[in-house]
Amino acid sequence: MSDITFPVIDLRDAARGPEARAAFLDRLRRAAHDIGFFQLVGHGVTGAADLLDLSRRFFALPEEERRELDILDSPHFRGYSALGRERTRGVPDQRQQLDIGPERPVRPPAPGEPSYRWLAGPNQWPTGLPELRPAVIDWMDRLTEVSHRLLRLLLESLETPADFLDTVVAPDPQVHFKLLHYPGPAEAADVDPADQGAGVHKDLGLLTLLVQDEVGGLQVAVEDDHFVDVPVVPGAFVVNLGELLEVATRGYLRATVHRVTRPAPGVDRYSMPFFYSPRLEASMRPLPSRYVSGAGGVVHDPDNPLFACYGDNVMKGLTRGFPELIARHHPGLLGPAQR
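Given the structure is predicted, the values throughout are model-derived calculations rather than measurements.

Caption draft 1: Examining the packing of aromatic side chains more closely. Evaluation of the coordinates by the stated rule reveals six aromatic pairs. For the ring pair Phe-77 and Phe-322, a centre distance of 6.3 Å and an interplane angle of 65° mean the geometry is edge-to-face. Of the two residues, Phe-77 sits in the loop between α3 (63-67) and β3 (79-81) while Phe-322 sits in the loop between α8 (310-321) and α9 (323-329), which places them 245 residues apart along the sequence. In terms of burial, Phe-77 and Phe-322 fall into one category: buried. Here Tyr-252 and Tyr-291 contribute two aromatic rings whose centre-to-centre distance is 5.4 Å and whose plane-to-plane angle is 35°, an arrangement assigned as tilted. A residue pair is termed long-range when its members are at least 10 positions apart, and Tyr-252 in the loop between α6 (243-248) and β13 (258-260) and Tyr-291 in helix α7 (residues 290-293) qualify at 39 residues. Residue Tyr-252 shares its accessibility class with Tyr-291, and that shared class is buried. An aromatic cluster is present here, built from Phe-58, Phe-59, Tyr-80 and Tyr-270 joined pairwise through their rings. Lying across the ring of Phe-227, Arg-259 places its NZ or CZ 3.8 Å from the centre. Positioned above the aromatic ring of Phe-164, the side-chain terminus of Arg-285 is 4.2 Å from the ring centre.

Caption draft 2: Broad picture of unusual backbone geometry. In this structure, Pro-171 follows Ala-170 across a cis peptide bond, with omega equal to 0°. Summarising the element assignment, Pro-171 is placed in the loop between α5 (166-169) and β7 (174-183). You will see that Phe-77, though not glycine, has its phi angle at about 65°, which is positive. Positioned with a positive phi, Arg-250 is a non-glycine residue whose angle comes to about 50°. Following the sequence through the fold, Arg-250 ends up in the loop between α6 and β13. Residue Arg-250 is classed as partly exposed on the basis of its relative accessible area of 31%.

Caption draft 3: Looking closely at the layout of surface pockets. Its boundaries defined by the atoms lining it, the second largest pocket holds a volume of some 320 Å³. The wall of the second largest pocket is formed by 22 residues, among which Ala-48, Val-211, Gln-212, Pro-234 and Gly-235 lie closest to the centre. For the lining of the second largest pocket, the secondary-structure elements that each account for two or more residues are α2 (48-59), β9 (207-212) and β12 (237-241). With four residues, the single largest contributor to the lining of the second largest pocket is α2. Here the residues of the lining of the second largest pocket are counted per class, giving 13 nonpolar, six polar and three charged.

Caption draft 4: Just the nonpolar core, in detail. Judged by nonpolar contacts, the single largest core of 80 residues is most densely connected at Phe-177 and Leu-207. With eleven residues, helix α4 (residues 132-157) is the single largest residue contributor to this core. Other than its neighbours up to four places away in sequence, Phe-177 contacts Leu-51, Leu-98, Asp-99, Ile-100, Val-136, Trp-139, Met-140, Met-272, Pro-273 and Phe-274.

Caption draft 5: Just the sheet that holds strand β11 (residues 226-229), in detail. A sheet is described by the order of its strands in space; here four strands give the open sequence β8-β13-β10-β11, paired in antiparallel fashion. Of all strands in the sheet, those with a lone pairing partner are β8 (198-201) and β11, marking the two edges. Between one strand and the next, the sheet's axes are offset by a mean angle of 25°, whatever the strand orientation. Bridge count between β8 and β13: two bridges; the pairing is antiparallel. When the bridges of β13 are listed, Ala-198 appears paired with Val-260.

Caption draft 6: Spatial organisation of α4. Spanning 26 residues, α4 covers 37 Å between terminal C-alpha atoms, matching the ideal 38 Å at 1.5 Å per step. Backbone geometry just downstream of α4 places Glu-159 in the positive-phi region, at approximately 60°.

Caption draft 7: A look at the pattern of salt bridges. Counted by the stated rule, this structure contains 26 salt bridges. In this structure, Arg-21 engages Glu-156 in a salt bridge whose closest nitrogen and oxygen atoms are separated by 2.7 Å. Of the two residues, Arg-21 sits in helix α1 (residues 18-34) while Glu-156 sits in helix α4, which places them 135 residues apart along the sequence. The class for Glu-156 is partly exposed, based on a relative accessible area of 27%. Note that Glu-86 and Arg-95 form a salt bridge whose closest N and O atoms lie 3.0 Å from each other. Per residue, the accessibility class of Glu-86 equals that of Arg-95, and both read buried. Each of Asp-10, Arg-12, Asp-13, Arg-16 and Arg-27 takes part in a single network of salt bridges with overlapping partners.

Caption draft 8: A look at the environment of Pro-273. Inspection of the secondary structure assignment puts Pro-273 in strand β14 (residues 268-277). Looking at Pro-273, the relative accessible area reads 6%, which means it is buried. In the structure, Pro-273 is positioned 52 residues away from Leu-325 in sequence and 22 Å away in space, judged by C-alpha atoms. Those residues within four positions of Pro-273 in sequence are excluded, and the remaining contacts are His-176, Phe-177, Lys-178, Leu-180, Thr-208, Leu-209 and Leu-210.

Quick notes on the rules
Residues numbered from 1 in each chain as written. Predicted model: local features only at pLDDT ≥ 70, side-chain atom pairs only at ≥ 80, totals over all residues. Heavy atoms only, no water. Phe/Tyr/Trp six-rings, centres within 6.5 Å; stacked < 30°, edge-to-face > 60°. Helix = DSSP H or I, 4+ residues; strand = E, 2+ residues; numbered from the N terminus. Buried < 20%, exposed > 50% of the residue type's maximum accessible area, 1.4 Å probe, protein only. Lys NZ or Arg CZ within 6 Å of the ring centre and 35° of its normal. 1 Å grid on protein atoms, 1.4 Å probe; cavity = no way out; pocket = protein on both sides within 12 Å on 5 of 7 lines; lining within 4 Å. Points joined across faces, edges and corners; volume = space filled by probe spheres on them. Nonpolar A, V, L, I, M, F, W, Y, C, P; charged D, E, K, R; others polar. Core = buried A, V, L, I, M, F, W, Y, C linked by side-chain atoms within 4.5 Å. Contact = heavy atoms within 4.5 Å. Pairing = 2+ DSSP bridges. Axes fitted to C-alpha atoms, helices over the stretch in contact; angles between N-to-C directions. Expected span 1.5 Å × (residues − 1). Salt bridge = Lys/Arg side-chain N within 4 Å of Asp/Glu carboxyl O.

As far as function goes, none of this settles anything; it's purely spatial.
This is the structure:
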């Protein structure tokens, strides 16, 4: 399957009449079932190149300015991560990033409330780049709208009522946005075969919409341990499905394993993933669909337990990804051997 073609889905086809819509829904269902990754065009969202430029400018700020936003100072998992701060499967990812979520006031969990309540809180923004905040907030608002429309179309493609998951995401879906910078090694002699841009993983929520620059490096496991490159399609969002859609469809839709390779020496890669997920306290339930009822069920991985409640599922990932932050702000989440 090394010659696999990632489907290109044109969102405009959903509004081009009954026959075009039916064909669109069939292509969408097949892409989500067969691969779990596709390229979305015709979405009407502009400005990606400008935001990528702002991202480059952010990572070009002096290191001391970026460290003023250190994610380790945020119990809400918001802020800047230096190279190697986030881990995937215990291995440091060779990327820098800025994690951003909905702007919320600080409200620590009350006694007995779940730990995922910490995920509601304020962001950290660079004073040296004031234009970043309004641009990112506008971007997140627009991608929330596209994601909700795409989710409804996915449900329709499965012959499920389009509004079946509205109560799961409305009125306050949990969204998450990252600015990512993957710097290549300075010299060829610095290349370590163990280095990973981002390690092998699945996404945790419902949908991911990714903008990647021209460098590429995103790879998808189309078969066990066989990864293929996702091509760069100008103007497209790379869309993939998260674990909770896999749960809700009993494995019919695929939350596909993927990774990012580290760029070559002297090369910089920039990307911007947007994650669309249910409300933190919402739980998934099986979709009423003939495709789902006939599915074989989710394949359980003992190293990656799946939780129907999104808040529990995302805290699983954050506890693994940011062990230093957990130890500083949330030591009660660590096992005795980790404290």
